[in-house]
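Residue strings, one per chain:
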Amino acid sequence: MSSIITCKFTQALSSIIARATRLTMSMIFSKNDSVLLVGEGNFSFSAALSRQNFNIELVATCYESSACQEAAERNVDYLRENGICVLFDVDATKLEECPSLKSRLFNKIIFNFPHVGGKMRIERNRDLLRGFFVSSVRMMKENGQVLVTLCNGQGGTPMDKPRRRWDDSWKIVEMAAHGNFILTRVEPSLWQSFRDYVVTGYRGLDKQFHTAGSLTHFFIKSEPPMAHNIVPRNKINTSKCTVDNITWKDMINNIQDKSDCELKCIYPCIFTFDLTLSTDGDFNTAEFYKSLYNYAGSIIENIDLIDCYSSPVDGKIKRTYRIDYKSNYVPLYRRRVVELHQNMHRLRCLRSIVACGLSQKQDRKTVLNRIRCEVSSGLRSLSVTAYVHEREPTAKPLRSTKPKSKKDTLQYFVDIKPVKTIGGQGGDGQISFMRLWVNDRAGPDGGDGGHGGHVIFQATTDVKDLRHIDSVIKAEDGEKGYTKDCFGKNAEHKVMNVPIGTIVRDVDGRILADLEKNGMMFIAARGGSGGHGNAFFKSNSQQTPEICEYGAIGENLQYVLEVRSMAHIGLIGLPNAGKSTLLRAISRARPKVAAYPFTTLKPHIGIIQYDDYEQIAVADMPGLIEDSHKNRGLGITFLKHVERCAALIFILDVAQTEPWQVLETLKHEISQFNERLNDRPQIIVANKIDLPNSEINLQLLREHVDLPIIPISAKVGTNISTLLKEIRILYDNLKVNAEENTELSMYVLVRSMSSSLLTVQRRSSLEIFIFAFISFDTETPSDGTTQPLTAVFLNLPIIPSFWLAKSLALLTIFFKHAIFVPEACADSGFPPPLPCIKDAIAWIHSFAFSPLDIADCEQVLDINMIASSTSTNTWHPTLDSIID
Ligand SMILES: Nc1nc2c(ncn2[C@@H]2O[C@H](COP(=O)(O)OP(=O)(O)OP(=O)(O)O)[C@@H](O)[C@H]2O)c(=O)[nH]1
Ligand SMILES: [Mg+2]
């Protein structure tokens, strides 16, 4: 009986839910609406919506190029059977690029649970939303709506329970503003009653999103801010407002300026920025408010005077106002408001603006930026590059919101490290004899020892310096052999990660390897091989050998590791110029700052992050002084670090007199270390412009130095953003130049001339084939030539002699030029280079099918013969000339 009641109750409940759903849906969809569904992972939502029979025209799209799951395939079949258009490969941020959607407009565009995949990618999810709104505005009919359903907390509106921090949310209202949409409604997810709707999670069907508390956001199109919609129609009469302490709220209180637009944006964003004015005494607040009211009164929520002070530079009174921008009708996003805010300079009545500070938080009490120079003329002419690139889009530096660590662990950048590498010892062989109960002399069964591990340096992006490398690196030893023919275990190789671009030198300074690509390895010390056990020595004549081998000792070699590129940019300046302060201001690095010279003794690296995920490394250096090259101060040996920076920033303290002399000194000192350092791209920065006299010194510096100068205050934070933009422009130029140069660069790096293995890498797309013969047949054949036994193909593995003929012939098909490395033969005690190479050429020539152009080969050989008489390093220019 009770089960019948339950059953009836359930039926009644589901029919009520179904009716309620239909009612809600009928309020959303009108008859014959064309609806575009975006990002339909498994098409279950499209199928569920079509089953409701709302008389609407559906187009279902998804990002993937096919339906990968069975359920998705079923849904697609169902949709197609019912005449619904299903499109694959549709990017939600480029809807207009889809050929089938190009000429169509829709009443509704629905995007449920947008996500880029992976966890915690807030920035990228915001980009997705922004791109979607910008794209969908082109696909909308007039009065169309966009519906976006997000998980609880993602949207960042007060409807989210619990509400996340604004900067931790996807900022849907601001992202929609990029497409000129405003939020008009937020409802608990409309589709919860769709039984068949299975939300695809970011890990596929099996891990779904938490849809509890999800919200559907409704957006409509609006107009971007223009004069007619941000300037209020009702004008202010300021004749009565002569009091100086009048507030913004008082002034606009009596003005009812209703917009024609009926639909209001709910939960609009508020943007708060500061404005600093230089006043001459008779400042009229009412007139100032009126100017702002007539400029953008509809979107200004409030204005507060937050600071009023007398400038130590020019003695004028500075007034800092904090302006809140907010609109219920016009879509606002940060960059748009920043432009509006900065355009205030154009207002004649506001010519005295000295700074447009951008405040991070509303409740912040301090004035962030007090730029002491006139914005309209001064700032624009600060730097040629800044001026030229002013209108070009440059990536914006990101400010880290995470607080810096308070630990006082000093972390220096280690870019040179001498290391001793010891390969593991091979395990000893075992002597043992098997005894069985029927055969107590079953023979020798001592196993071999395992091989010792190698020490390997591997280039990886995971590490940036050599701080973690110990001065002695020893690989594990192999295990000894066991009885019963059991072999000892080979030891694991010891792989040490080094930064990409690490150069391995031997103790004499010769370059042995350049690990310039991710994953490249260099075997620094080979482990010894394991010794044979006595079972190995069993022979017909010796059935019970009582001998075994000891494991071989691993190689013990010393190297010097060097990181070729330390940072993109190096900071050069006198002690106390503010280099460390600047690095602290622009990055999360924490070099020590103090008012005494030579605070910094070793380089520090800081990373500047940009909003296009580019990272620029900046190195803080110890201070340089006059006659550093004569070993005054810390000397100039630390400039070897500067050699590894692609560009330089000269920091001058303009609070001191004659800063141009300082610049001369710095340039002279670095030229004493390496003349070519002065040719590197540079930026000149005038620091400490917050101090008295800096204005005058800056002016004089400009007269003496004919280069762009960026005035900053590293301590106060003035003009840092301009500097960061300049750094980015410089970096982009560097990248372009680097890409152009790599085509023709090529290095030949030889590990150890006396060793039998050479390591050479090809660093260009040119078809050059490099090889060396490392051993020759000692038995001279009748024709008097020697024959190569083993060759090392320097960009290929070792090829044994019996493969040599064929392999060589095959290889020469693919390569236009060949380069011999003759030193290998010379050093390994085999015939002297010249006859040996001639033999080799004759030998290659003897192949009937060899397509190798001997003329070319000989020409190359001539050059190489000259090069081979000098050190390895001199090969670089030689090889470059070959390529040229
Ligand atoms: N007023 C003012 N003081 C600054 C500014 N930049 C740096 N300082 C001060 O100058 C002093 C030296 O700053 P550091 O950053 O240690 O200088 P440094 O160039 O790294 O000095 P060394 O490491 O000794 O070469 C500190 O007391 C800073 O507070 C600035 O822009 N304005
Ligand atoms: Mg310092």
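As recorded by an unreviewed UniProt entry, the protein chain carries the name GTP-binding protein and is attributed to Temnothorax longispinosus. What UniProt records for the protein chain under Sequence similarities (unreviewed entry) is the sentence "Belongs to the TRAFAC class OBG-HflX-like GTPase superfamily. OBG GTPase family."

Asks: Sorry, what's going on with the coordination of the magnesium ion (ligand 2) here?
Replies: Ideal values for angles at a metal depend on the geometry: 109.5 degrees with four tetrahedral donors, 90 or 180 degrees with six octahedral donors. The magnesium ion (ligand 2) binds to the protein through Ser580 (OG) and Thr600 (OG1); the donor distances cover 1.9 to 2.0 Å. Here the residue Ser580 occupies a position in helix H11 (residues 579-586), and Thr600 occupies one in the loop between H11 and strand E21 (604-609), the gap between them amounting to 20 residues. One exposure class covers both Ser580 and Thr600, and it is buried.

Asks: Please clarify how a nonpolar patch on the surface should be interpreted in this entry.
Replies: Residues Leu436, Trp437 and Val438 make up a contiguous nonpolar surface patch of about 440 Å² in total accessible area. Among the secondary structure elements, Val438 is positioned in the loop between strand E12 (416-422) and strand E13 (455-460).

Asks: Hey, could you run me through the nonpolar core in this one?
Replies: A general trend in soluble globular proteins is that nonpolar side chains are found buried together. Counting residues in hydrophobic clusters, the biggest one holds 65 residues, and the most contacted among them are Leu101, Ile109, Phe132, Phe133, Val146, Val148 and Phe219. No other element matches the 7 residues that helix H8 (residues 285-296) contributes to this core. For this core, the domains that each give at least three residues are domain 1 (31-221) and domain 2 (227-237 + 247-358). Residues contacting Leu101, with those up to four places away along its chain left out, are Leu36, Val59, Thr61, Leu87, Val90, Leu95, Phe106 and Met139.

Asks: Can you walk me through the sheet that holds strand E25 (residues 709-711) in this structure?
Replies: Two modes of strand pairing occur in sheets, parallel and antiparallel, and in both the strands are linked by backbone hydrogen bonds. The strand order across the open sheet built from 6 strands is E21-E22-E20-E23-E24-E25, with neighbouring strands paired in mixed fashion. Both outer strands of the open sheet, E21 and E25, are each paired with one neighbouring strand and no more. Between one strand axis and the next, the sheet turns through 30° on average, direction left out of account.

Asks: What exactly am I supposed to notice about the pairing of strand E10 (residues 317-325) here?
Replies: Successive side chains on a regular strand alternate, one facing one side of the sheet and the next facing the other. For E10, the tally of buried residues reaches 8 of 9 residues, placing the bulk of the element in the interior. Two elements, strand E8 (residues 271-279) and E10, share 9 bridges in a ladder whose sense is antiparallel. Looking at E10, one finds that Asp274 is bridged to Arg322. Note: strand E9 (residues 300-310) against E10, 9 bridges, orientation antiparallel. Looking across to E10, one finds that Asn302 is bridged to Asp324.

Asks: Hey, could you run me through helix H9 (residues 334-342) in this one?
Replies: Think of an α-helix as 3.6 residues a turn; residues three or four steps apart then line up on the same face. For H9, the full list of buried residues reads Arg336, Val337, Val338, Leu340 and His341. The secondary structure elements touched by the buried residues of H9 are helix H5 (172-178), helix H6 (227-230), E8, H8 and E10.

Asks: Looking at this structure, how should I read the site of ligand 1?
Replies: Not every one of the 24 residues close to ligand 1 is listed here, only the nearest: Lys579, Ser580, Thr581, Thr599 and Thr600. Here an oxygen atom of ligand 1 sits 3.1 Å away from a polar atom, N or O, in the side chain of Ser713. Residue contributions to the shell around ligand 1 peak at 3 residues, all from H11. Looking at the shell around ligand 1 residue by residue, the class counts come to 11 nonpolar, 9 polar and 4 charged.

Rules used in this analysis
Residues numbered from 1 in each chain as written. Chains lettered and ligands numbered in written order. Predicted model: local features only at pLDDT ≥ 70, side-chain atom pairs only at ≥ 80, totals over all residues. Heavy atoms only, no water. UniProt positions renumbered as here; feature names shortened; annotations may be inferred. Donors = N, O, S within 2.8 Å, 3.2 Å for Na, K, Ca; no water. Helix = DSSP H or I, 4+ residues; strand = E, 2+ residues; numbered from the N terminus. Buried < 20%, exposed > 50% of the residue type's maximum accessible area, 1.4 Å probe, protein only. Patch = residues over 30% accessible without salt bridge, like charges linked within 9 Å, V, L, I, M, F, W, Y side chains within 5 Å. Areas by Shrake-Rupley, 256 points an atom, 1.4 Å probe, with all protein chains shown as cover. Salt bridge = Lys/Arg side-chain N within 4 Å of Asp/Glu carboxyl O. Core = buried A, V, L, I, M, F, W, Y, C linked by side-chain atoms within 4.5 Å. Domains from an automatic or database assignment. Contact = heavy atoms within 4.5 Å. Pairing = 2+ DSSP bridges. Axes fitted to C-alpha atoms, helices over the stretch in contact; angles between N-to-C directions. Near = heavy atom within 4 Å. Polar contact = N/O pair within 3.5 Å; in protein donor to acceptor, adjacent residues only side chain to side chain. Nonpolar A, V, L, I, M, F, W, Y, C, P; charged D, E, K, R; others polar.

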